[in-house]
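So the chains spell out like this:
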Amino acid sequence: MAKANTTELLEALAAEIGDNVYIDIAKWHLYLSNAKLHTVVAEKVYPLITAKKPVEENDVIQVLESIPVKIGGGRRELPLIDLLPLQCQVNLVDILEKYQREI
């Protein structure tokens, strides 16, 4: 991959997250790119892929717990982790591990 700079890496990471990770609501899949959450997630997980230690699922879960998602027109907020199916969490960890290997 050898991205030239952080901005390019973040954009590529956000695009991949947005295309592969979704929120599941009543069996409807809303991809993070459509929900406009892919960039926020990429920015928050970026330190995990640039760290010297391998990406760990618990660290990813902590990041997802820290991202609030407004629902009901903003009347309530839920942590993003509560809206992602388990397979999407696994996909996100896999994406991060791939990026960490390639940078």
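In every chain, residue numbers begin from 1 and rise along the written sequence. It should be noted that, the model being predicted, local features are given only for residues of pLDDT at least 70 and side-chain atom pairs only at 80 or more, the latter also being counted only at that level, while totals for whole chains, interfaces and linings use all residues. As a rule here, side-chain values cover all heavy atoms of the structure and leave hydrogens and water aside.

**Here we look at the pattern of salt bridges**
Oppositely charged side chains can pair when the atoms bearing their charge come close.
At step 1: Basic side-chain nitrogens of Lys or Arg form a salt bridge, by our definition, when they fall within 4 Å of a carboxyl oxygen of Asp or Glu. Evaluation of the coordinates by the stated rule reveals three salt bridges.
At step 2: For Lys53, the salt bridge is made with Asp59, and the minimal N-O distance between the two is 2.7 Å.
At step 3: Per-residue accessibility, obtained with a 1.4 Å probe over protein chains only, is compared with the maximum for each type, and a residue is labelled buried under 20%, exposed over 50%, and partly exposed between these values. Among the residues examined, Lys53 registers a relative accessible area of 41% and is labelled partly exposed.
At step 4: Residue Asp59 is classed as buried on the basis of its relative accessible area, which comes to 17%.
At step 5: Glu77 serves as the salt-bridge partner of Lys70, at 3.7 Å between the closest nitrogen and oxygen.

**Let's talk about the environment of Leu32**
At step 1: Runs of H or I in DSSP of at least four residues are treated as helices and runs of E of at least two as strands, each being numbered from the N terminus. Here Leu32 shows up in the loop between strand 2 (28-31) and helix 2 (38-50).
At step 2: Looking at Leu32, the relative accessible area reads 1%, which means it is buried.
At step 3: Sequence separation between Leu32 and Ile103 is 71 residues; the distance between their C-alpha atoms is 23 Å.
At step 4: When neighbours within four sequence positions are excluded, Leu32 is seen to be in contact with Ile17, Gly18, Val21, Tyr22, Ile23, Leu37, His38, Val41, Leu80 and Leu84. It only takes one pair of heavy atoms within 4.5 Å for two residues to be counted as in contact.

**Section: the packing of helix 2 against helix 3 (residues 57-65)**
At step 1: Helix axes use the C-alpha atoms of the stretch in contact, all axes being lines fitted to C-alpha atoms, and the angles between their N-to-C directions lie in the range 0 to 180 degrees. Two elements in contact, helix 2 and helix 3, have axes separated by 10 Å at closest approach and are oriented at 160°. If you check the angle between helix 2 and helix 3, you find them roughly antiparallel. Seen from above, helix 2 lies across helix 3 with right-handed handedness. Note on element contacts: helix 3 touches helix 2 through Asp59, Val60 and Val63, opposite Lys44, Val45 and Leu48.
At step 2: Residue polarity is assigned by list, with Asp, Glu, Lys and Arg as charged and Ala, Val, Leu, Ile, Met, Phe, Trp, Tyr, Cys and Pro as nonpolar; anything else, Gly included, falls into the polar class. Residue classes in the contact of helix 2 with helix 3 are distributed as four nonpolar, no polar and two charged. Comment on the angle field: the value is read as roughly parallel under 35 degrees, roughly antiparallel over 145, roughly perpendicular from 65 to 115, and oblique elsewhere. What makes a crossing left-handed is the near helix being turned counterclockwise from the far one by less than a right angle; a clockwise turn instead makes it right-handed.

**Describing unusual backbone geometry**
At step 1: One non-glycine residue, Ala26, lies in the positive phi region at around 50°.
At step 2: With respect to the helices and strands, the residue Ala26 is situated in the loop between strand 1 (22-25) and strand 2.
At step 3: Take Ala26: its relative accessible area is 67%, and that puts it in the exposed class.
At step 4: The backbone phi angle of Lys27 is positive, close to 70°, even though this residue is not glycine.

**Description of the pairing of strand 2**
At step 1: Each pair of strands is called paired provided DSSP finds at least two bridges between the two strands. With four bridges joining them, strand 1 and strand 2 adopt antiparallel strand pairing. Across the sheet, the residue bridging to Asp24 is His29, located in strand 2.
At step 2: Linking strand 1 to strand 2, which pair antiparallel, is a turn of two residues; within it Ala26 sits at a positive phi near 50°.

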